[in-house]
Amino acid sequence: MSAAAPPPALAVDGLVKAFGGVVAVDGVSLAVAAGERVALIGPNGAGKSTLFNMINGQLVPDRGRIRVGGNDVTGLPPHRIWRRGVARTFQITATFASMSLRENVQTALLSCHRRMRSLWPRASGLYRSEADDLLARVGLAEQADRVAAELAYGDLKRLELALALSNAPTLLLMDEPTAGMAGGERGALMATVSAIVRERAIAVLFTEHDMDVVFGHADRVLVLDRGRLIAAGSPAEVRADPQVRAVYLGSYVAEAGAS
Ligand code: ADP
Ligand code: MG
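Okay, so let's go over this structure. (Residues numbered from 1 in each chain as written. Chains lettered and ligands numbered in written order. Predicted model: local features only at pLDDT ≥ 70, side-chain atom pairs only at ≥ 80, totals over all residues. Heavy atoms only, no water.)

**Topic: the site of ligand 1**
Operational definition: For each residue, the test is whether any non-hydrogen atom lies within 4 Å of the molecule or strand; if one does, the residue is near. Polar contact is the term for a pair of N or O atoms within 3.5 Å; when the atoms are in protein, one must be able to donate a hydrogen and the other to accept it, and sequence-neighboring residues count only if both atoms are side-chain atoms. All accessibility values rest on the Shrake-Rupley procedure with a 1.4 Å probe; residue burial counts only the protein chains present in the view. Numbering of helices and strands runs from the N terminus, with a helix taken as a DSSP run of H or I at least four residues long and a strand as a DSSP run of E at least two residues long. Three residue categories are used. Nonpolar comprises Ala, Val, Leu, Ile, Met, Phe, Trp, Tyr, Cys and Pro, charged comprises Asp, Glu, Lys and Arg, and polar comprises the others, including Gly.
Phe-19, Val-22, Ala-24, Pro-43, Asn-44, Gly-45, Ala-46, Gly-47, Lys-48, Ser-49 and Thr-50 make up every residue found near ligand 1. Contacts to ligand 1 include Gly-45, whose backbone N or O atom sits 2.7 Å from an oxygen atom. Contact distances for ligand 1 include 2.6 Å between an oxygen atom and a side-chain N or O atom of Thr-50. In isolation ligand 1 exposes 560 Å². Once the protein is present, 56% of that is buried. Mapped by element, the contributors of at least two residues to the shell around ligand 1 are strand 2 (22–32) and helix 1 (48–55). Ranked by residues supplied to the shell around ligand 1, first place goes to helix 1 with 3 residues. When the residues that make up the shell around ligand 1 are grouped by side-chain class, the tally is 5 nonpolar, 5 polar and 1 charged.

Laid out in structure tokens, this is it:
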């Protein structure tokens, strides 16, 4: 007999957010377990970014609850939610263009360690080897001394991933992580994300328009339409769902055969 299961990394319960007359998120409940990669898909305007913005504290929900590791974080400001181990890539991450990649990651590590109230590192290095380890983990070891401004777009996304990981997150939110990337680069970035998530048992919630990325890198898929979840399941189940095909997948699944 096992003890009671630990609370999920993220639990969202009955979340509602309206902008004037538009109910952008209309009673959404979901959970993401440690080590699980959940894709949130749906047409433009479905409410995906609004949901993310509530989870990381940029927007206060009208109704509902958000729990991170069992702790209620509903309505807390972003920096306090970040302190609870929630990281978000690619939209709010600031990179310092004139600093080297190593210095960027060292800065992020410093602010994270301050959050954890650990002692200021003495024998200096200021987390240098920790920063280099993170850069190596995202495939940027060779570029640690370059300044961020010189990076190609795909590598900038890898740097932003390293910065998010500096927060030692239990939950990683990625809103369209591969937007603007070339097809091959997308798969490579998501393969890196998947490997790291598995190693560190991080929960991931991501939105994505590239169905190859969704079906290749999600353990579970949730479909949002006009603020409501209309389907949930494995990639194969969601791909076969007639309602999902009607509102969203359209031609993509049509190619896979079936009526
Ligand atoms: P998605 O990310 O799925 O494309 P959004 O969450 O951005 O969808 O938008 C959901 C709905 O809420 C849309 O109708 C959008 O126009 C509206 N909306 C989003 N943010 C705001 C805002 N700050 N003010 C007013 N309406 C908004
Ligand atoms: Mg969006």
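There's more to say after this.
**Structural notes on the nonpolar core**
Formally: Grouping buried Ala, Val, Leu, Ile, Met, Phe, Trp, Tyr and Cys residues that are joined through side-chain atoms within 4.5 Å yields what is termed a nonpolar core. The buried label applies to any residue whose accessible area, calculated with a 1.4 Å probe on protein chains only, is under 20% of its type's maximum; exposed applies above 50%, and partly exposed to all values in between. Should any heavy atoms of two residues lie within 4.5 Å, those residues are considered in contact.
Counting residues in each nonpolar core, the largest one holds 43 residues, and the members touching the most others are Ile-41, Val-105, Leu-135, Leu-159, Leu-172 and Phe-206. Considering every element that reaches this core, the biggest residue donor is helix 5 (residues 153–165), with 6 residues. Leu-135 has contacts with Leu-101, Arg-102, Val-105, Leu-140, Ala-141, Ala-144, Leu-159 and Ala-162, leaving out every residue within four places of it along the chain. Among the nonpolar cores identified, the runner-up in size contains 27 residues, and Val-25, Val-38, Leu-51 and Leu-173 belong to it.

**Digging into helix 6 (residues 183–200)**
Note the cut-off: Given the number of residues in a helix, its expected span is that number minus one, multiplied by 1.5 Å.
An ideal rise of 1.5 Å per residue puts 26 Å on 18 residues; helix 6 measures up with 26 Å between its terminal C-alpha atoms. Residues Leu-189, Met-190, Thr-192, Val-193, Ser-194, Ile-196 and Val-197 constitute the buried set of helix 6. Against the buried residues of helix 6 lie strand 3 (37–41), helix 4 (128–137), helix 5, strand 7 (171–175), strand 8 (203–207) and helix 7 (211–217). Note on helix 6: the residue one or two positions beyond its end, Ala-201, has a positive phi of about 55°.

**Some thoughts on the pattern of salt bridges**
Applicable threshold: Whenever Lys or Arg places a side-chain nitrogen within 4 Å of a carboxyl oxygen from Asp or Glu, that contact is recorded as a salt bridge.
Scanning the model with the defined rule gives 12 salt bridges in all. Arg-102 is the partner of Asp-145 in a salt bridge, and the nearest nitrogen-oxygen pair spans 2.6 Å. Here Asp-145 is found in the loop between helix 4 and helix 5, whereas its partner Arg-102 is found in helix 3 (residues 101–115), with 43 residues between them in sequence. With a relative accessible area of 60%, Asp-145 lands in the exposed category. In this structure Arg-102 comes out as buried when scored by relative accessible area, which is 9%.

**A short note on the side chain of Thr-50**
Within the element layout of this structure, Thr-50 appears in helix 1. The exposure class assigned to Thr-50 is buried, which follows from its relative accessible area of 12%. Those residues in contact with Thr-50, other than ones at most four positions away along the chain, are Lys-17, Phe-19, Ala-24, Val-25 and Leu-59.

**Things to note about the environment of Arg-137**
Along the polypeptide, Arg-137 turns up in helix 4. The sequence separation of Arg-137 and Leu-161 amounts to 24 residues, and the corresponding C-alpha distance is 9.9 Å. Other than its neighbours up to four places away in sequence, Arg-137 contacts Thr-192, Ala-195, Ile-196, Glu-199 and Arg-200.

**Some points on the sheet that holds strand 7**
Here is the rule we go by: At least two DSSP bridges between two strands are required for those strands to pair. Only the stretch in contact is used when a helix axis is fitted, and all axes are lines through C-alpha atoms; the angle between N-to-C directions ranges over 0 to 180 degrees.
Judged by pairing direction, the sheet is mixed, and its 6 strands sit side by side in the order 6-7-8-3-9-10 without closing on themselves. What marks the edges here is a single partner per strand, and that holds for strand 6 (86–89) and strand 10 (228–233). Adjacent strand axes in the sheet meet at a mean angle of 20°, parallel and antiparallel pairs treated alike. Both strand 7 and strand 8 contribute to a ladder of 5 bridges, which runs parallel. Across the sheet, the residue bridging to Asp-175 is Thr-207, located in strand 8. Across the face of the sheet, helix 5 comes into contact with strand 6 and strand 7 while running at roughly 170° to strand 6.

**Describing the sheet that holds strand 5 (residues 71–72)**
Note: strands within a sheet are paired through backbone hydrogen bonds, in either parallel or antiparallel orientation. Spatial ordering of the open sheet is given by 2-1-4-5, a layout of 4 strands whose pairing is antiparallel. In this open sheet, the two edge strands, each paired with only one partner strand, are strand 2 and strand 5. For strand 1 (residues 10–19) and strand 2, the ladder comprises 8 bridges, and the chain directions are antiparallel. Considered in strand 2, the bridge of Phe-19 is made with Val-22.

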